[in-house]
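Commentary on secondary and tertiary structure
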Amino acid sequence: MEVIRERERERQMETLINCSRVVPKITSVSRPKFTNTQSLVSLVSRRASRAVIVAAVAVSAFSSMSYDKELAAAKKAASLAARLCQKVQKALLQSDVQAKSDKSPVTVADYGSQALVSFVLERELPSDSFSLVAEEDSGDLCKASGQETLQRITKLVNDTIVNDGSFSVPTLTMEDVLRAIDSGKSDGGSHGRHWVLDPIDGTKGFVRGDQYAIALALLDEGKVVLGVLACPNLPLASIGSNRLHSSHDEVGCLFFSKVGAGTYMQSLDGSSPIKVNVSTTDNSEEASFFESFEAAHSSHDLSSSIAKKLGVKAPPVRIDSQAKYGALSRGDGAIYLRFPRKGYREKIWDHAAGCIVVTEAGGVVADAAGNPLDFSKGKYLDLDTGILATNQKLMPLLLKAVRESLEDTPSSL
């Protein structure tokens, strides 16, 4: 049976390769001039269609494969990590927050979450070829100044494992925790399977007590085949500009997707999952959009210009992390815009899980030129200008508005 499965896998991959050759990839990042609006609309419509076609090809090539065990392990890993993060956020100490070399914050929860996810995946899915592409490493923890922090992380990880009760393992040592964190040093790529993890996406939001997500995805031959988003502070009810911080909403969402199987949401405490879908609106004036809470993470001015061209009337919903992808997948809003500063390189762990959660819910995720995101090149995404997510009906209009806004204010990024 294993030989038969392997042959079927090879046949599916050949299909993907052959189909991908039929769909030309848009590699140019130049901004052509258009003589009329009709030609512009025609171009962006074709590019939006190509993003949909490429996604459909990937789905057809991998949908016959199960990934059930992998998805179950990913959900368990993300849920356990969420418990650790919730415990830390409730009583966050100043000493729990440090600054990395790029000035971005990192907390004991980031490290603990990464160690837990690595621990669960390696035990639930034993493999000699385990590969994890993750944000953190143990460099600072190995220093003399990091020993007290490492002790706290080790206790948090062990307490979470014991309280869960699923694993009969000896107490993890500090060395065990360091090894688990550093199992995330893989570079990923287009061959084999690679887990992709952001142990806390939205660390600034986490520190503020706001939104964050544990984002975990699996790449198979460079394609995202499953994704899980644990969003401990996201309300189970739909959010909007006037509901985001309501104290009456039950919070804690787990979104999960498997290629060809749709997107589902359940509460982090384990309620029955429900299937979710992106907004089906085709009227941009009725659409609302998500963007980053931090202005440094995405150009709010450019987003405002795009929204104006679309006729969007609702104010933007600004929240941290890939929780935006989760909210978009269930139709809370219709558009997600991200335009980071010039020179910034997007990391795959910031979008892999969110991308499949939205696409399996019926949406489209592309760069500002309409190209689908390519997660097969290693740790970074090489793309044009920014990232857009919406439904298939609105994407051509959104691409047109983006192109026009960029031409109106070329120095906006």
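A few points on the structure. Sequence order sets the numbering: in each chain, residues are counted from 1 along the sequence as written. Only residues with pLDDT of at least 70 are given local features in this predicted model, and only at 80 or more are side-chain atom pairs given and counted; all residues enter the totals for whole chains, interfaces and linings. To get the side-chain values, all heavy atoms of the structure are used, and hydrogens and water are removed first.

**Let's talk about the overall build of the protein**
- Counting secondary structure elements, the protein contains eleven helices and 16 strands.
- Burial analysis of the protein (413 residues in total) assigns 54% to the buried set.
- In what follows, residue pairs with any heavy atoms lying within 4.5 Å of each other are defined as contacts. Looking at the protein alone, contacts between residues at least 24 apart form 74% of all its contacts between residues at least 6 apart.
- Here the protein displays about 18200 Å² of accessible surface, and carbon together with sulfur accounts for 50% of that area. Numbering goes from the N terminus for both helices and strands, where a helix is a DSSP run of H or I of at least four residues and a strand is a run of E of at least two. Between buried and exposed lies partly exposed: a residue is buried under 20% and exposed over 50% of the maximum accessible area for its type, with that area taken using a 1.4 Å probe on protein chains only. Every accessible area reported is derived by Shrake-Rupley at a probe size of 1.4 Å, with residue values counting cover from the shown protein chains alone.

**With respect to the sheet that holds strand 10 (residues 289-291)**
- For two strands to pair, DSSP has to find at least two bridges joining them. If you trace the five strands from one edge of the open sheet to the other, you get 11-10-12-16-14, paired in mixed fashion. Two strands in the sheet have a free side with no partner beyond their single neighbour: strand 11 (317-318) and strand 14 (363-367).
- In this sheet, strand 11 lies alongside strand 10 in parallel orientation, the contact comprising two bridges. Looking at strand 11, one finds that Phe290 is bridged to Val317.

**What about the sheet that holds strand 7 (residues 251-258)?**
- Ordered by their spatial adjacency, seven strands build an open sheet running 3-4-5-6-7-8-9, and the pairing between neighbours is mixed. Whereas interior strands pair on both sides, the edge strands pair on one side only; in this sheet they are strand 3 (132-134) and strand 9 (274-276). The sheet shows a mean angle of 20° between the axes of neighbouring strands, direction not considered.
- Sheet topology note: the strand 3/strand 4 (residues 193-201) ladder contains three bridges and is parallel. Its bridge partner lying in strand 4, Ala134 is registered against Leu197.
- Running over the sheet, helix 4 (residues 108-124) touches strand 3, strand 4 and strand 5 (213-220) and is turned about 150° from strand 4. Fitting a line to C-alpha atoms yields each axis, with helices limited to the stretch in contact; the angle taken between N-to-C directions then spans 0 to 180 degrees.

**Focus on the pairing of strand 16 (residues 387-391)**
- With five of five residues buried, strand 16 lies mostly within the body of the structure.
- Here strand 12 (residues 335-338) runs beside strand 16; their pairing, made up of three bridges, is antiparallel. Following the sheet pairing, Tyr336 is matched in strand 16 by Ala389.
- Relative to strand 16, strand 14 runs antiparallel, the two sharing five bridges. Opposite Gly363, over in strand 16, you have Asn391 as the bridge partner.

**A few points about the packing of helix 5 (residues 147-164) against helix 6 (residues 174-182)**
- Between helix 5 and helix 6, the shortest axis-to-axis distance is 9 Å and the interhelical angle comes to 85°. Our classification of the angle between helix 5 and helix 6 gives roughly perpendicular. Along the contact surface, helix 5 presents Gln147, Leu150, Gln151, Ile153 and Thr154, while helix 6 presents Met174, Val177 and Leu178.
- Residues belonging to the contact of helix 5 with helix 6 are distributed by class as follows: five nonpolar, three polar and no charged. Angle categories are assigned with fixed cut-offs, so that under 35 degrees is roughly parallel, over 145 is roughly antiparallel, 65 to 115 is roughly perpendicular, and the rest are oblique. The classification used treats Ala, Val, Leu, Ile, Met, Phe, Trp, Tyr, Cys and Pro as nonpolar, Asp, Glu, Lys and Arg as charged, and all other residues, Gly among them, as polar.

**Quick word on the nonpolar core**
- Put simply, buried Ala, Val, Leu, Ile, Met, Phe, Trp, Tyr and Cys residues joined by side-chain atoms within 4.5 Å make one nonpolar core. Of all hydrophobic cores here, the largest spans 53 residues; its most connected members are Leu121, Val157, Trp195, Ile214 and Leu216.
- Per element, the largest residue contribution to this core is eleven residues, and it comes from helix 3 (residues 68-90).
- Other than its neighbours up to four places away in sequence, Ile214 contacts Ala78, Ala81, Ala82, Cys85, Ser113, Leu197, Asp198, Pro199, Val228, Leu229, Ala230 and Pro232.
- If you look at the next biggest cluster of nonpolar residues, it comprises 39 residues, including Phe290, Ala327, Trp349 and Ile356.

**Brief notes about the side chain of His351**
- By secondary structure assignment, the location of His351 is in the loop between strand 13 (346-347) and helix 10 (352-359).
- According to the relative accessible area criterion, His351 is buried, its value standing at 1%.
- What His351 contacts, discounting residues up to four positions off in sequence, is Gln322, Tyr325, Tyr336, Arg338, Glu346, Leu373, Phe375, Leu381 and Ile387.

**Here's the deal with the packing of helix 3 against helix 5**
- It is at 10 Å that the axes of helix 3 and helix 5 come closest, and there the two elements cross at 120°. Between helix 3 and helix 5, the crossing angle belongs to the class labelled oblique. Handedness of the helix 3/helix 5 crossing: right-handed. For the pair formed by helix 3 and helix 5, the contact residues are Lys76, Leu80, Arg83, Leu84, Lys87 and Val88 on the first element and Leu156, Val157, Asp159, Thr160 and Asp164 on the second.
- Classifying every residue of the contact of helix 3 with helix 5 gives five nonpolar, one polar and five charged. Take the far helix as the reference: if the near one is turned anticlockwise from it by less than a right angle, the crossing is left-handed, and if turned clockwise, right-handed.

**Focus on unusual backbone geometry**
- Phi is positive for Tyr67, which is not a glycine, with a value near 65°.
- If you trace the backbone, Tyr67 turns up in the loop between helix 2 (37-62) and helix 3.
- A positive phi angle is found at Ser321, which is not glycine, with a value near 75°.
- Locating Ser321 in the fold gives a position in the loop between strand 11 and helix 9 (323-329).
- For Ser321, a relative accessible area of 9% gives the class buried.

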